[in-house]
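Summary of structural features
Single-letter residue listing:
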Amino acid sequence: ISLVDMFEKTCAQFSSKKAFTNFGTSLTFNEIYNKSLNLAFFLQDKFKLVKGDRVAIMMPNLLQYPICTFGILKAGLIVENINPLYTERELENQLCDSNSETIIILENFAHLVEKIIHKTKLKNIIITSVGELLGIKGILMNFLLRKITKKVPKYNIPNVYKFSEVINNNNKKEIKNITISLEDVAFLQYTGGTSGTVKAAMLTHKNILSNVLQVKEWLGSQLKYGEDIAICALPLYHIFALTCNALTFFNFGANNILITNPRDIKSFVKELKKHQFTFISGVNTLFNKLLLEDDFKNCNFNKLRISLAGGMQVQKSVAEKWQKVTGNVLSVGYGLSETSPAASIDPIGVDKFSDTLGLPLPSTEISIQDDQGNHLDFNEPGEICIRGPQVMKGYWNNVKETNNVMTSDGWFKTGDLVVTKGDYFKILGRQTEIINVGGEKVYPSEVEDILLQMKEIEDVSIFSEKNVILGEIVCAKIKLSNNNFKKSFKKALKVYCKNKIEKYKVPVKLYFTEDSIHNARYKRMRNKNEK
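Residues numbered from 1 in each chain as written. Predicted model: local features only at pLDDT ≥ 70, side-chain atom pairs only at ≥ 80, totals over all residues. Heavy atoms only, no water.

**Considering empty space enclosed by the protein**
To find leftover empty space, a probe the size of one water molecule is rolled over the atoms. Summed over the entire model, instances satisfying the criterion amount to one cavity of 30 Å³ or more. When its volume is computed, the largest cavity comes out at roughly 30 Å³. Taken together, Val215, Leu219, Cys244, Phe249, Phe279, Ile306, Leu308, Ile345 and Ile348 make up the lining of the largest cavity. Among the elements of the structure, α8 (205-219), α9 (239-251) and β13 (306-309) are those that each provide at least two residues to the lining of the largest cavity. (1 Å grid on protein atoms, 1.4 Å probe; cavity = no way out; pocket = protein on both sides within 12 Å on 5 of 7 lines; lining within 4 Å. Points joined across faces, edges and corners; volume = space filled by probe spheres on them. Helix = DSSP H or I, 4+ residues; strand = E, 2+ residues; numbered from the N terminus.)

**Re the layout of surface pockets**
In this model, the second largest pocket occupies a volume close to 310 Å³. Lining the second largest pocket, in full, are Lys490, Leu493, Lys494, Cys497, Lys498, Ile501, Lys503, Val506, Pro507, Val508 and Leu510. If one sorts the elements of the lining of the second largest pocket by residue count, helix α15 (residues 486-497) sits on top with four residues. For the lining of the second largest pocket, the per-class residue count stands at seven nonpolar, no polar and four charged. (Nonpolar A, V, L, I, M, F, W, Y, C, P; charged D, E, K, R; others polar.)

**Description of the sheet that holds strand β17 (residues 365-369)**
Spatially, four strands are ordered β17-β18-β20-β21 in an open sheet, and the strand pairing comes out antiparallel. With one partner strand each, in any of the chains shown, β17 and β21 (424-430) form the two edges of the open sheet. The sheet shows a mean angle of 50 degrees between the axes of neighbouring strands, taken without regard to direction. Across five bridges, β17 lies against strand β18 (residues 382-387) in antiparallel orientation. Of the residues in β18, the one forming a bridge with Glu365 is Arg387. (Pairing = 2+ DSSP bridges. Axes fitted to C-alpha atoms, helices over the stretch in contact; angles between N-to-C directions.)

**Quick notes on the packing of aromatic side chains**
Inspection of the entire model under this criterion finds 19 aromatic pairs. An angle of 40 degrees between the planes, with centres 5.0 Å apart, marks the rings of Phe29 and Phe250 as tilted. Linking Phe29 in helix α2 (residues 29-45) with Phe250 in helix α9, this pair joins segments that are 221 residues apart in sequence. Among the aromatic side chains, those forming a connected cluster through ring pairs are Phe7, Phe14, Phe20, Phe29, Tyr33, Phe70 and Phe250. The ring of Tyr496 has Lys500 sitting right over it, with the charged end atom 4.5 Å from the ring centre. (Phe/Tyr/Trp six-rings, centres within 6.5 Å; stacked < 30°, edge-to-face > 60°. Lys NZ or Arg CZ within 6 Å of the ring centre and 35° of its normal.)

**Re the sheet that holds strand β1 (residues 18-22)**
With mixed pairing, the nine strands of this open sheet are ordered in space as β2-β1-β11-β10-β12-β13-β14-β15-β16. Strands at the two margins of the open sheet, each flanked by one partner only, are β2 (25-28) and β16 (359-360). Seen against the sheet, helix α11 (residues 284-292) touches β12 (279-282), β13 and β14 (330-335) and runs at an angle of roughly 115 degrees to β12. (Contact = heavy atoms within 4.5 Å.)

**Notes on unusual backbone geometry**
Cis peptide bonds are those with omega within 30 degrees of zero, and the linkage from Ser340 to Pro341 qualifies with 0 degrees. Structurally, Pro341 is set in the loop between β14 and β15 (342-345). The backbone of Asn159 sits at a positive phi, close to 60 degrees, despite the residue not being glycine. Residue position: Asn159 is located in the loop between α6 (135-148) and β7 (161-162).

**A look at the pairing of β21**
By the criterion of burial, β21 is predominantly enclosed, with six of the seven residues buried. Joining the antiparallel neighbours strand β20 (residues 412-421) and β21 is a turn of two residues, in which Gly422 adopts a positive phi near 70 degrees. (Buried < 20%, exposed > 50% of the residue type's maximum accessible area, 1.4 Å probe, protein only.)

**Some points on the side chain of Ser344**
Tracing the backbone shows Ser344 in strand β15. A polar atom in the side chain of Ser344 sits 2.7 Å from the backbone oxygen of Leu357. Not counting chain neighbours up to four residues away, the residues in contact with Ser344 comprise Val332, Gly333, Tyr334, Leu357, Gly358, Leu359, Pro360, Leu361 and Ile366. (Polar contact = N/O pair within 3.5 Å; in protein donor to acceptor, adjacent residues only side chain to side chain.)

**Brief notes about the pattern of salt bridges**
Enumeration according to the criterion identifies 17 salt bridges in this entry. Between Asp228 and Arg305 there is a salt bridge, and its shortest N-O distance comes to 2.5 Å. One end of the pair, Asp228, is in the loop between α8 and β10 (229-232); the other, Arg305, is in the loop between α11 and β13, with 77 residues separating them in the sequence. Beyond isolated ion pairs, a larger network of salt bridges with shared partners links Asp355, Lys426 and Asp449. (Salt bridge = Lys/Arg side-chain N within 4 Å of Asp/Glu carboxyl O.)

Here's what the structure looks like:
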């Protein structure tokens, strides 16, 4: 009847089993339950928070994260996830929008709160550290971070509470019994949404619980209750990892291996080699980086049953290499923060990468529509619209934006353009990404897919620049697999593209980089919108 109900039943069912592991330290389902209960009591008793109040969480993947999530929900409150990489300005904007009075934050970012606290309604602050729940190892890690690497900037915030003291409160009374309904908001999930402007999707207990059960039905016989070891490398503040790992695989009794810094690929691979993992979730960039690490092939993939990608388009070359190295097919899920997030997923257990968005989940309707809301036929490109129990309640305090994306008959307009490919959906890009070259439409993802098949290219991002004659021209930011290719690349590109794509789709301007260009692609929608 709520996520809290699910949490309590799951913890009772798998009580003594490991629920989350981080830096070699594990907490059982029972330990997660008790610590989150202590937090819930503290939030009610000490901070006097009442049903519907928001509590922000700002930290990477640590054991503290699931404790915070379940404790906040148990107290009848709303979880507000904050990206720990946010700048001072971004943090201020989000907290002012949510009007949160309470934040639980890693000490590494506390100096940002000190700078903006007077501009917000914050008055309750709980601070934790990377090593706080890791015993002796944690003490050494904290010393290293504070004294040696200086990764914990100094801060001065009065009346803060230490996380370990909050969750180890042995003098707690009975927690106030809060009636939580399926329609109550569980999460404020901030997103650029369909327009590029930051706003919070209100995700109810029904939205998230529905998505957990939908995925459960979809995975079917692939599930091994209480046996799975799930790799959680994506940040839990992101809706994909939050719903997929911290809630769905948690509900299956899995041991979630929390990866705090997946950017450190060598350390990440060392951690992977310690486990016979059965499930891994990630984005295209993460899978590609793992494949480029030589030692990754030495991991044990014997029990790997499900590899699930989302968050961005998956490159066919990456998926094919993943299957070759791991023996497991990369399945793709599609959705947004507004859909909790999964709306469609590839069938699990097939023998080949589909290069599509899969099929709608149970109880989910998908329609391809034009600008007037007409349902289009097969092979006609249009906007993908979603209707189902996982679709958000609306945007927090933003009726205008809600009305822009929600139709009167319940369709959520995603802003993504797709076309049917057989019975499946193939994404073309976002409406705001389309490049208009003299009246001809160019979908960046289509051009990227073609170019990534060139041996000379490791990664590429397609974007536009203004042009007096054509309106816009196609440009490419390219990371070469070998810089020696640069001298002859322009000629090779022209020859390669001649019989593969129309001339107006071929990039006119090329920009070369040795850095990762994932962020360029990820920010493309917002940049186009600002233009």
